[in-house]
Amino acid sequence: MKLGLIGGGNIGKFLLQSINSDKLVDGAQFVGLYTRNKEKANELAEEYDLRSYQSIDELIASDIDVIVEAATVEVVRAHATSVLTHGKDLVVSSVGAFSDNDYFLQLETICKEQGTTIHLPSGAVGGLDILKAAKAIGALQEVSLTTTKPPHALNGVTLENKTVLFEGNAYEAIKQFPKNINVSIILSLAGLGSKETKVKIIADPKATKNSHEITAKGAFGKVKLVVENDPMPNNPKTSYLAALSVLSTLKHKDQSIKVG
C-alpha cells in the first residue's frame, strides 16, 4: 500500500517514523509527501526515503493508493473531493472539516460513486462504538463533551484561574477552536450531529494533561467516559492519542476481521 502524506508536523513525522522506519504497518510505506515548508519537506523526504511533491495536486495525481491528511481543516475542505475523484482513499486527521453535515453527505455520495473510502480515526476520545450502537436504533438522546486543557494548549491564552472559554455546540466550537476540538466532531458524526452535540471548553492552569469527559444518554441508559491524554512531546495542542489513532486506522485498514 503506497501512502501519501499531507502535513509535516508532529503527527506527520510520528507516522513517518512509525511506518517507514519502524515498519509498524505491514505492507505499507509512505512514498510521497507535501508540506508548505519546503525546507522541512526536503529534510523529511531525505530522512524517510520518499519524494517531496511541489503541490498537493501533484501528490494526489501520483500513483499513491491512500492519502493521509495531517495538516488542517482547510486542507481537507480544499482537497478531499479531488482525492476521492482520483480514486484514492483518504485518512483524515482534521475531522473538524466535517462539521457541516451537507459537506459530509456530499463526500459520502462521491465515495459511493468512486468506490473510495474516507477513514476518520477516533482521535483523542473513546466511546464511539456506544454512540453508533445507540444511534442505529434511534435510542440516543443527548451527547455532551467537556474538554479541559492547559491554557497554552488553547490558542496560547494566558490565564491565572480555571476559565470556561466556550459553551455551546460542536458546530460553533470547531469554528472558534479549529485546532483544539476535533474530538467534538468525531463524536458528532458517531452521534447526534454537530449542532446537537453540547460542548464546553475549559482552560485550567493547573491541568497537566488534555482531559475529555463524554456523557451520553438515551433509551439504552447513560454512559460517562473520561479520557486523560498526554500531549505530543513537541505540541501541547495535539493529544498523543490522536496520533496513535491515525496509526491504528492505517494498521487495521485492510484487516479481514474488524472489532467494534
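What counts as what
Each chain has its residues counted from 1, running along the sequence as written. Totals for whole chains, interfaces and linings use every residue, but because this is a predicted model, local features are given only for residues with pLDDT of at least 70 and side-chain atom pairs only at 80 or more, for both listing and counting. In computing side-chain values, all of the structure's heavy atoms are included and hydrogens and water are not. When two rings of Phe, Tyr or Trp (its six-membered ring) have centres within 6.5 Å they constitute a pair, described as stacked for plane angles under 30 degrees, edge-to-face for angles over 60, and tilted for the intermediate range. Per-residue accessibility, obtained with a 1.4 Å probe over protein chains only, is compared with the maximum for each type, and a residue is labelled buried under 20%, exposed over 50%, and partly exposed between these values. At least two bridges found by DSSP between two strands are what make those strands a pair. Secondary structure elements are taken from DSSP: a helix is a run of H or I of four residues or more, a strand is a run of E of two residues or more, and numbering for both begins at the N terminus. In this description, a line fitted to the C-alpha atoms serves as the axis of each element, helices being fitted only across the stretch in contact, and the angle between N-to-C directions of two axes falls anywhere from 0 to 180 degrees. The contact criterion used throughout is that any non-hydrogen atoms of two residues lie within 4.5 Å. Roughly parallel means an angle under 35 degrees; roughly antiparallel, over 145; roughly perpendicular, 65 to 115; everything else is oblique. In this classification, the charged set is Asp, Glu, Lys and Arg, the nonpolar set is Ala, Val, Leu, Ile, Met, Phe, Trp, Tyr, Cys and Pro, and all remaining amino acids, among them Gly, are polar. Grouping into patches uses exposed residues only, defined as over 30% relative accessible area, and leaves out salt-bridged ones; the cut-off is 9 Å for like charges and 5 Å for nonpolar side chains (Val, Leu, Ile, Met, Phe, Trp, Tyr). Throughout, the Shrake-Rupley method with a 1.4 Å probe supplies accessible areas, and for residues the shown protein chains are the sole cover considered. One side-chain nitrogen of Lys or Arg within 4 Å of one carboxyl oxygen of Asp or Glu is enough to make a salt bridge. Counted as positive: Lys and Arg. Counted as negative: Asp and Glu. His and the chain ends are not counted at all. Lys charges are placed at NZ, Arg charges at CZ, Asp charges at CG and Glu charges at CD. Note on convention: near helix rotated counterclockwise from far helix by under a right angle means a left-handed crossing. Clockwise means right-handed.

Draft legend 1. Main features of the packing of aromatic side chains. Scanning all chains against the criterion turns up three aromatic pairs. Here Phe98 and Tyr103 contribute two aromatic rings whose centre-to-centre distance is 6.0 Å and whose plane-to-plane angle is 20 degrees, an arrangement assigned as stacked. Residue Phe98 is classed as buried on the basis of its relative accessible area of 3%. Residue Tyr103 is classed as buried on the basis of its relative accessible area of 12%. Judged by centre distance (6.0 Å) and plane angle (90 degrees), the ring pair of Phe98 and Phe104 falls under edge-to-face. Given a relative accessible area of 25%, Phe104 falls into the partly exposed group.

Draft legend 2. Representation of the sheet that holds strand S7 (residues 140-149) in the model. The strand order across the open sheet built from five strands is S8-S9-S7-S10-S11, with neighbouring strands paired in mixed fashion. Strands with a single pairing partner mark the edges of an open sheet, and in this sheet they are strand S8 (163-169) and strand S11 (221-229). When the angles between neighbouring strand axes are averaged without regard to direction, this sheet yields 10 degrees. Strand contacts of helix H6 (residues 128-136): S7, strand S10 (210-218) and S11, with the helix running at about 160 degrees to S7, the strand carrying the most contacts.

Draft legend 3. Summary view of the packing of H6 against helix H8 (residues 182-190). Contact geometry for H6 and H8: axes closest at 8 Å, N-to-C directions at 30 degrees. Classified by the interaxial angle, the pair formed by H6 and H8 is roughly parallel. Along its contact with H6, which presents Leu128, Leu131, Lys132 and Lys135, the element H8 presents Ile186, Leu187, Leu189 and Ala190. A per-class count over the contact of H6 with H8 returns six nonpolar, no polar and two charged.

Draft legend 4. Seen up close, a negative patch on the surface. Negative charge collects at one region of the surface, where Glu39, Glu43, Glu46 and Glu47 lie side by side. With respect to the helices, strands and loops of the structure, Glu43 is situated in helix H2 (residues 38-48). Judged by its relative accessible area of 47%, Glu43 is partly exposed.

Draft legend 5. Structural context of the sheet that holds strand S1 (residues 2-6). The six strands lie next to each other as S3-S2-S1-S4-S5-S6, forming an open sheet whose pairing is parallel. The open sheet terminates on both sides in strands that have one partner only, identified here as strand S3 (51-52) and strand S6 (118-119). Taken strand by strand, helix H1 (residues 10-21) contacts S1, strand S2 (29-34) and strand S4 (66-69), and its axis lies near 155 degrees from that of S2. Against the sheet, helix H9 (residues 240-252) makes contact with S1, S2, S4, strand S5 (89-92) and S6, and its axis sits at roughly 155 degrees relative to S5, the strand it touches most.

Draft legend 6. Highlighting the packing of helix H4 (residues 73-85) against helix H5 (residues 101-114). At a minimum axis distance of 9 Å, the contact between H4 and H5 shows a crossing angle of 15 degrees. Judged by the inter-axis angle, H4 sits roughly parallel to H5. As H4 packs across H5, the resulting crossing turns out to be left-handed. Listed contacts from H5 to Val76, Arg77, Ala80, Thr81, Leu84 and Thr85 of H4 are Tyr103, Gln106, Leu107, Ile110, Cys111 and Gln114. Classifying every residue of the contact of H4 with H5 by side-chain character gives seven nonpolar, four polar and one charged.

Any functional reading would require information that these geometric values do not contain.
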